[in-house]
Amino acid sequence: MTPAKSKATHLLAAAMAAVLLAGCSGYQPAPKAFHEAVMQPYRLDAGDRLRVTVFEQDGLTGSYAVDQAGYIAFPLIGAVPARGRTLQELEGNIAASLRQGYLRDPDVSIEIDRYRSFFIMGEVGQSGQYSYVAGMTVQNAIAIAGGYSPRANQRNVDITRNINGKIMTGRVRITDPILAGDTIYVRERLF
């Protein structure tokens, strides 16, 4: 083999290796904000169902759903913006609105009745939409979805998450926590 052919063969091999590695370059580790979002107070969004208690006001106490527009329809005060707010912020907003001509000193308490769903796709037994439970990990979500398929990459997954109105995707370990509204994608293993 001539030196020119040898050099061309090495360049071709290097180019092929680069192409193969480029196929794997979809890897994107989770941004720092991904992990910080898990430590933040829960932010409400469409699909959450809330149990609102206005003490000594049975007519106002009840379950309310956050609609697609991000509001809850509350008696007397109408549509109350809930999307992106914490439970404490929403309690304060409802109490302030009720103080404006309806109740003298309303005492409002809110708790999550049902979290919005999470979604799981890819190499699992049954892709779909599932009910979120506080404290879930990726591994719990995969178990709920029927476990791994025979072709699944069982080391890590990609999660798409809405963080402060920005949609982000990153790769996380299966022991990482998930949040309500996350979309989990279990990839196929290469070998």
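Before reading further, recall that the structure is shown in the block above.
Residues numbered from 1 in each chain as written. Predicted model: local features only at pLDDT ≥ 70, side-chain atom pairs only at ≥ 80, totals over all residues. Heavy atoms only, no water.

Peer 1: Got a minute to help me understand the overall build of the chain in this structure?
Peer 2: When you go through the chain residue by residue, the secondary structure sums to four helices and ten strands. For the chain, the residues scored as buried account for 35% of the 191 residues in total. Here the contacts in the chain between residues at least 6 apart in sequence split such that 53% fall between residues at least 24 apart. (Helix = DSSP H or I, 4+ residues; strand = E, 2+ residues; numbered from the N terminus. Buried < 20%, exposed > 50% of the residue type's maximum accessible area, 1.4 Å probe, protein only. Contact = heavy atoms within 4.5 Å.)

Peer 1: Can you walk me through the sheet that holds strand 5 (residues 108-114) in this structure?
Peer 2: Consider a sheet: its strands pair through backbone hydrogen bonds, and that pairing is either parallel or antiparallel. Sheet architecture is open: three strands sit in the order 2-1-5, paired in antiparallel fashion. In the strand order of this sheet, the two ends are held by strand 2 (62-65) and strand 5, each with one partner. Neighbouring strand axes in the sheet, compared pairwise and without regard to direction, differ in orientation by 30 degrees on average. As paired strands, strand 1 (residues 49-54) and strand 5 are joined by six bridges and run antiparallel to one another. Across the sheet, the residue bridging to Val54 is Val108, located in strand 5. Running over the sheet, helix 3 (residues 87-99) touches strand 1 and strand 5 and is turned about 130 degrees from strand 5. (Pairing = 2+ DSSP bridges. Axes fitted to C-alpha atoms, helices over the stretch in contact; angles between N-to-C directions.)

Peer 1: Would you mind showing me how to read the environment of Pro106 here?
Peer 2: Here Pro106 shows up in the loop between helix 3 and strand 5. For the pair formed by Pro106 and Glu56, sequence separation is 50 residues and the distance between their alpha carbons is 8.9 Å.

Peer 1: Would you take a moment to explain the pairing of strand 8 (residues 156-163) for this structure?
Peer 2: Every regular strand shows the same layout, with side chains that alternate between the two sheet faces. Of all the eight residues making up strand 8, six are buried; the element is thus mostly covered by neighbouring parts of the structure. For strand 8 and strand 9 (residues 166-173), the ladder comprises eight bridges, and the chain directions are antiparallel. Its bridge partner lying in strand 9, Asn156 is registered against Arg173. Sheet topology places strand 8 next to strand 10 (residues 183-186); three bridges connect them, and they run antiparallel. Among the inter-strand pairings, Ile159 is bridged to a residue of strand 10, identified as Ile184.

Peer 1: Before we go on, may I ask you to explain the pattern of salt bridges in this structure?
Peer 2: Oppositely charged side chains are able to pair whenever their charged atoms sit close together. For the structure shown, the criterion picks out ten salt bridges. A salt bridge links Arg171 to Asp158; the shortest N-O distance between them is 2.7 Å. Here the residue Arg171 occupies a position in strand 9, and Asp158 occupies one in strand 8, the gap between them amounting to 13 residues. One salt-bridge network, held together by shared partners, links Glu123, Arg151 and Glu188. (Salt bridge = Lys/Arg side-chain N within 4 Å of Asp/Glu carboxyl O.)

Peer 1: Teacher, can you tell me more about the pairing of strand 10 here?
Peer 2: Burial along strand 10 is one-sided: the face carrying Ile184 and Val186 is buried and the face carrying Thr183 and Tyr185 is not. As paired elements, strand 6 (residues 118-122) and strand 10 share four bridges and run parallel to each other. Bridge pairing in strand 10 places Gly122 opposite Val186.

Peer 1: Teacher, can you tell me more about the sheet that holds strand 9 here?
Peer 2: Read across the open sheet, the five strands follow the order 7-6-10-8-9; overall the sheet is mixed. This sheet does not close on itself; its edge strands, each paired only once, are strand 7 (128-130) and strand 9. Each strand axis lies, on average, 25 degrees off the axis of its neighbour in the sheet, ignoring direction. Lying on the sheet, helix 2 (residues 32-39) is in contact with strand 8 and strand 9; it crosses strand 8 at an angle near 70 degrees.

Shape descriptors only; they carry no functional weight alone.
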